[in-house]
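Geometric and topological summary
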Amino acid sequence: MYQYNRVGTTIVGGPYFAVLGAHGGAGTTTVTRFLDPDGSRGSLELTRGQSMPPGYVPVVVARSTAYGMRSAADLLGTWHPSIPRPWLVIVKDAPLAAPKPVTFRRNTLQRRVLGIADVPYLVQLRSADKPDEVLDQKSVQRAASQLRVKLGLSH
């Protein structure tokens, strides 16, 4: 059984992630499925205003746009000190270099989060109604595995 130690708390069987979008269309459902592809790891998608379950590691998701990163900055700027610092997952919205505002905000948010992970642009997600439909494709599996490893899960 996997043990994850966070701020003096040992969570057996975790870590468990509570995934929250910084804005609509951030990729929250995709990130939740990437972290918990078969639904057995305990990750869940939170809606705005929903309470953070005890023992869960928060994950904030934002698109790699100026609006997405501004939304992440706004959310993290109001982050309550009693809630553990979150991971920030940035979902690329295009196969291009990040715009300057995105790079600037990414650098300024680094100190407010446990770490920053990136999900690459995956063209397969554009034609899928749900991320589950493309989880069997190699590039999607690779991106999901890399995200899980970055956030401390075994692949």
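Nothing here was measured: the structure is a model prediction, and the numbers come from that model. (Residues numbered from 1 in each chain as written. Predicted model: local features only at pLDDT ≥ 70, side-chain atom pairs only at ≥ 80, totals over all residues. Heavy atoms only, no water.)

**Side note on the packing of aromatic side chains**
Using the following cut-off: Put simply, two rings from Phe, Tyr or Trp (the six-membered ring, in Trp's case) pair if the centres are within 6.5 Å, and we call them stacked under 30 degrees between planes, edge-to-face over 60, tilted for the rest. Here a strand is any run of E in DSSP of at least two residues, a helix any run of H or I of at least four, and the numbering for each starts at the N terminus. Burial status follows relative accessibility: with a 1.4 Å probe on protein chains alone, a residue under 20% of its type maximum counts as buried, one over 50% as exposed, and anything between as partly exposed.
For the structure shown, the criterion picks out 1 aromatic pair. Seen from their ring centres, Y16 and Y56 are 5.6 Å apart, and the 35 degrees between their planes marks the pair as tilted. With Y16 in strand β3 (residues 16–21) and Y56 in strand β5 (residues 56–63), this pair connects stretches of sequence that are 40 residues apart. A relative accessible area of 23% places Y16 in the partly exposed class.

**Section: the pairing of strand β6 (residues 87–91)**
Quick reminder of the rule: Pairing between strands is defined by DSSP: at least two bridges between the two strands are required. Note on handedness: a clockwise path from strand one over the helix to strand two, with the strands aimed away from the viewer, defines a right-handed crossover.
In terms of burial, β6 is a largely internal element, 5 of the 5 residues being buried. Burial along β6 is two-sided: the residues W87, V89 and V91 and L88 and I90 are all buried. With 5 bridges connecting them, β5 and β6 associate as parallel partners. From the neighbouring strand, V60 faces β6, where its bridge partner is L88. Crossover β5 to β6 through helix α2 (residues 66–77) is right-handed. Two strands pair when backbone bridges link them, and β6 and strand β7 (residues 115–119) are joined in this way by 5 bridges, in the parallel orientation. In the sheet register, L88 faces β7, and the bridge partner there is I116. Once you follow β6 into helix α3 (residues 100–109) and on to β7, the crossover reads as right-handed.

**As for the sheet that holds β5**
Here is the rule: Helix axes are fitted to C-alpha atoms over the stretch in contact, other axes to C-alpha atoms as well, and angles between N-to-C directions run from 0 to 180 degrees. Whether two residues are in contact is decided by their heavy atoms, any of which lying within 4.5 Å being enough.
Ordered by their spatial adjacency, 5 strands build an open sheet running β4-β3-β5-β6-β7, and the pairing between neighbours is parallel. The sheet is open, and its two borders are formed by β4 (44–46) and β7, each paired with just one other strand. If you compare each strand with its neighbour and ignore which way they point, the axes differ by 30 degrees on average. In the packing of α2 onto the sheet, contacts are made with β3, β5 and β6, and the angle to β5 comes to roughly 145 degrees. In the packing of helix α5 (residues 138–150) onto the sheet, the strands contacted are β6 and β7, and the crossing angle to β7 comes to about 175 degrees.

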